[in-house]
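# Analysis of the macromolecular model
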Amino acid sequence: MVLLLATILYSGSSPRYNVVRKIRLLEQQVEKLHEGIRLLEALDASGTKANEFRYDSVSLSPPSTQKVSRCETIHIAMVAAGYNTSRNVVTVVKSILFYRRNPLHFHLVSDAQAKITLSTVFETWQLPAVEVSFYSAEEAATQVSWIPNFHYSGIYGLLKLTLTEALPPHVDKIIVLDTDVTVCANVAELWQFFALMRQAGKLLGLVENQSDWYLGSLWERHKPWPALGRGVNTGVMLLQLDALRTVEWRSTWTNVTRKVLRSYKSAALADQDVINAVVKETPDVHYLLPCTWNVQLSEHALSEHCLRDAEEYKLVHWNSPMKQMVRNEHAPYFSSLHQAFQQYDGNLMKNMLTNCYHNNTEAMKGDLDESDPCLDVRLEQKLKFRTHPFFLHYDYKPSGDHDVTLVAQLSMERVHMLDPLCSHWHGPMSLVLYTSDSEACQFLHSMSTHLPLMSRRKNVALHIVYKDRRSQMYPVNYLRNVALKFINTHYVYLSDIDFLPAFGLYDHLQYMLQTTSSEEKVALVVPAFETFLYRADFPQNKSQLLDMISSGETTEPYRVKWQEDYEPYVVVRSSVTPYDTRFAGFGWNKVSHIMALHAQGYEFVVLPNSFMVHMPHAPSLDIGRFRWSKHYRDCLMVLKREYQTELVRKYDVQFS
């Protein structure tokens, strides 16, 4: 799959000879890995030392006698902070999972926002034999905040120095990766080097830096931090944590850093400068890893010396602020591989890849009766969809106690509605996009071109819920609940993506909420109208709307009684009861929620000076299923009756 995507994405971006040669090389690598026929090369018996600095160190591999047990857990640490980094972590994890055969434990040093995102990603991903632990980046930052550093990663670029104290004592060794890497091999091969490091008494395993940065020859007056030769690159590190704790690692790097800062104003490459200064002063701590485990693609990288002789590329490191857009002759090829992992269906990673994993979770069918004629419909509510909250940058603080967030969900077929919505509603929004990995990637890369208004907004929280092949219906209520979960205002406006709110509705709702906020169970109803004209002029105010529909006007809010099948669009507190996920596809998904509000004692107050207009669109597949499938309609009625019975028992209410 990755090979196919890489071939397609890369087609036409380089001379054919180089493309064919490199793709064949990758094909051989994947084939060898998946068939398990490749034997790890032994160290050269001629006396080459494993810790010897050699720029062309391609073939240094652990002997086959150091194979990792199939059930041994491999520990991997990364620092994740912010929205973009969270997306990068997912891509790195995909590349690791694609090749792995062992249980994995990810240790993520993350800020508060990244923890919200990534904890949801992993919890809903439901990966077998994968554990995830989080550690506070804010706490770790207190240990390194005294180090002046002008690297583009900021203080987060120094946090890997704190891992000996941040991670629990029982974690005695760990692979440390930057979030801008693409893994191209089984990380168990890298894990094997720990045995050799321990035999040699080495504490740090790193690849030589593949540029002349630390030689100080890149430009006039270039003064890099102290390093041994070309230095080392910290994008990939093996840390013997137990040994580092024994030698008081924090004191070691702290003392060396303070000493260097007497001659240097600040660090330029964050933790890499500090590690190189330590290796320069105490070279015996370092073990040289093969260059193929950190093929560096910066503007100044000389990685061709590694690539020229390599049989396999184990890991690619985009160690440039430009990332995949870096000006490096090898970047187009490896970029295609990186994009392939971005677009790879993460649900395929759920397959069991190790015989050490025991699935103790309840089967999807649970306690459902397999003879139930509506089993196919009921199974929809059992699904947990992989979710990536805050897929885009979100930066909004509520303007007050009456601030309100517009909530809606959409599929890729409705993406064109986002910019018109942004032009009508300038307040915060929580939107959920139901899509595939490849479509999400395409959306991200094309947004600035096709959605200029949306791309400039920072108060729109866009969450991704990934399609699941097991689902046959659009999980509309599941999506609405995801949007409701990530709200930071006191009120929400429950809308749909194919409705455009009146201009100025955001300000009007805040004003109206000031008069009703003391009433806990009040749902403000925004009158909804419909147009069948695709190019109709949107009314600028209520007066124009009334002229268009030839209707009378009421100016004061008024209460209405709930009736069966009533489904208004309402403004309620953000603590509102969630939607019932048994209703997926077309029919009764929103009606059931309004019925629940009525059962809880909500009053419905219509705001006559506000409105929203439904914009025409092609019918969905679920509407077709409702119209043409008697089985679906019958099952929907069964679910409806069951739901009503549950509400009657729970709230002691009767429905007329």
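Data block above holds the structure.
Cut-offs applied
- Residues numbered from 1 in each chain as written.
- Predicted model: local features only at pLDDT ≥ 70, side-chain atom pairs only at ≥ 80, totals over all residues.
- Heavy atoms only, no water.
- Helix = DSSP H or I, 4+ residues; strand = E, 2+ residues; numbered from the N terminus.
- Buried < 20%, exposed > 50% of the residue type's maximum accessible area, 1.4 Å probe, protein only.
- Contact = heavy atoms within 4.5 Å.
- Areas by Shrake-Rupley, 256 points an atom, 1.4 Å probe, with all protein chains shown as cover.
- Expected span 1.5 Å × (residues − 1).
- Pairing = 2+ DSSP bridges.
- Phe/Tyr/Trp six-rings, centres within 6.5 Å; stacked < 30°, edge-to-face > 60°.
- Lys NZ or Arg CZ within 6 Å of the ring centre and 35° of its normal.
- Polar contact = N/O pair within 3.5 Å; in protein donor to acceptor, adjacent residues only side chain to side chain.
- Axes fitted to C-alpha atoms, helices over the stretch in contact; angles between N-to-C directions.
- Left-handed = near helix turned anticlockwise from the far one by under 90°.
- Nonpolar A, V, L, I, M, F, W, Y, C, P; charged D, E, K, R; others polar.
- Bend = angle between axes of the 7 residues up to and from the residue.
- Salt bridge = Lys/Arg side-chain N within 4 Å of Asp/Glu carboxyl O.

## Brief notes about the overall build of the protein
In terms of helices and strands, the protein carries 23 helices and 22 strands. Per-residue burial for the protein yields a buried fraction of 57% across its 656 residues. Relative to all contacts within the protein whose residues are 6 or more apart in sequence, the contacts with residues 24 or more apart total 82%. Within the structure as shown, the protein displays about 29300 Å² of accessible surface, and the carbon and sulfur contribution to it stands at 51%.

## Describing helix α4 (residues 112-125)
Between its terminal C-alpha atoms α4 stretches 20 Å, which fits the 20 Å expected from 14 residues at 1.5 Å a residue. Considered for burial, the residues of α4 that qualify are Gln113, Ala114, Thr117, Leu118, Thr120, Val121, Phe122, Thr124 and Trp125. Contact partners of the buried residues in α4: β1 (74-80), α3 (83-99), β2 (104-110), β3 (130-136) and β11 (387-388). After α4 finishes, the residue Gln126 shows a positive phi value of roughly 55°.

## Some remarks on the sheet that holds strand β14 (residues 460-466)
Paired through their backbone hydrogen bonds, the strands of a sheet run either parallel or antiparallel. The strand order β11-β14-β13-β12-β15-β20-β17-β21-β19 describes an open sheet built from nine strands, whose pairing is mixed. The sheet is open, and its two borders are formed by β11 and β19 (558-560), each paired with just one other strand. Here four bridges tie strand β17 (residues 522-526) to strand β21 (residues 603-606), and the two strands are oriented parallel to one another. Among the inter-strand pairings, Ala523 is bridged to a residue of β21, identified as Phe604.

## What to know about the packing of aromatic side chains
Under the definition given, this model contains 22 aromatic pairs. Seen from their ring centres, Phe98 and Phe341 are 5.7 Å apart, and the 70° between their planes marks the pair as edge-to-face. Note that Phe98 is positioned in helix α3 and Phe341 in helix α13 (residues 331-343), a separation of 243 residues in sequence. By the burial criterion, Phe98 is buried, and Phe341 matches it. For the pair Phe583 and Tyr643, a centre-to-centre distance of 5.5 Å together with 90° between the ring planes defines the contact as edge-to-face. Taken together, the residues Phe583 in the loop between β20 (569-573) and α21 (589-599) and Tyr643 in helix α23 (residues 630-651) connect sequence positions 60 residues apart. The same class applies to Phe583 as to Tyr643, namely buried. Each residue in the set Phe98, Tyr99, Phe341 and Tyr344 is aromatic and connected to the rest through ring pairs, giving one cluster. The ring of Phe391 carries Arg87 above its face, with NZ or CZ at 5.5 Å from the centroid. Just above the ring of Tyr466 sits the side chain of Arg386; from NZ or CZ to the centre is 4.0 Å.

## Comments concerning the side chain of Asp496
Counting through the fold element by element, Asp496 comes out in the loop between β15 (491-494) and β16 (499-501). We classify Asp496 as buried; its relative accessible area is 11%. Here the side chain of Asp496 touches Gln409 through a polar contact of 3.2 Å, side chain to side chain. Among the polar contacts listed, one links the side chain of Asp496 to the side chain of Arg480, at a separation of 3.1 Å. Not counting residues up to four positions away in its chain, the partners in contact with Asp496 are Ala408, Gln409, Arg480, Tyr569 and Lys590.

## Quick look at the packing of α3 against α4
Remark: α3 packs on α4, axes separated minimally by 9 Å, with the N-to-C direction vectors making an angle of 35°. The element α3 and its partner α4 pack so that their crossing is right-handed. Together, Tyr83, Ser86, Val89, Val90, Val93, Lys94 and Leu97 of α3 and Gln113, Ala114, Thr117, Leu118, Val121, Phe122 and Trp125 of α4 make up the contact between the two elements. Here the residues of the contact of α3 with α4 are counted per class, giving 10 nonpolar, three polar and one charged.

## What about the sheet that holds β2?
Strands sit in the order β3-β2-β1-β4-β7-β6-β8 across an open sheet of seven strands; the sheet is mixed. At either end of the open sheet lies a strand with only one pairing partner, and these are β3 and β8 (286-288). Ignoring strand direction, the axes of neighbouring strands in this sheet form an average angle of 30°. Of the pairings in the sheet, the one linking strand β6 (residues 204-208) to strand β7 (residues 232-239) comprises five bridges and is antiparallel in character. Within β7, the position partnered with Gly205 by the bridge is Leu238. Against the sheet, α4 contacts β1, β2 and β3, and its axis sits at roughly 155° relative to β2. Where helix α5 (residues 137-144) meets the sheet, it contacts β2 and β3, and its direction lies at approximately 55° from that of β3.

## As for helix α16 (residues 437-450)
Residues separated by three or four positions in an α-helix point in the same direction, a consequence of the helix having 3.6 residues per turn. Helix length check: α16, at 14 residues, gives a terminal C-alpha distance of 19 Å against a target of 20 Å (1.5 Å per residue), a fit within 8%. The largest bend in α16 is about 35°, located at Leu444.

## Quick notes on the pattern of salt bridges
One pass over the structure, following the stated rule, counts 26 salt bridges. A salt bridge links Asp437 to Lys94; the nearest nitrogen and oxygen atoms lie 2.7 Å apart. Separated by 343 residues along the polypeptide, Asp437 in helix α16 and Lys94 in helix α3 bring together distant segments of the chain. Both residues of the pair, Asp437 and Lys94, count as buried. Note that Lys173 is salt-bridged to Asp172, the shortest N-O span being 3.9 Å. What emerges from the salt-bridge pattern is a single network uniting Lys94, Asp345, Arg386, Asp437 and Arg469.

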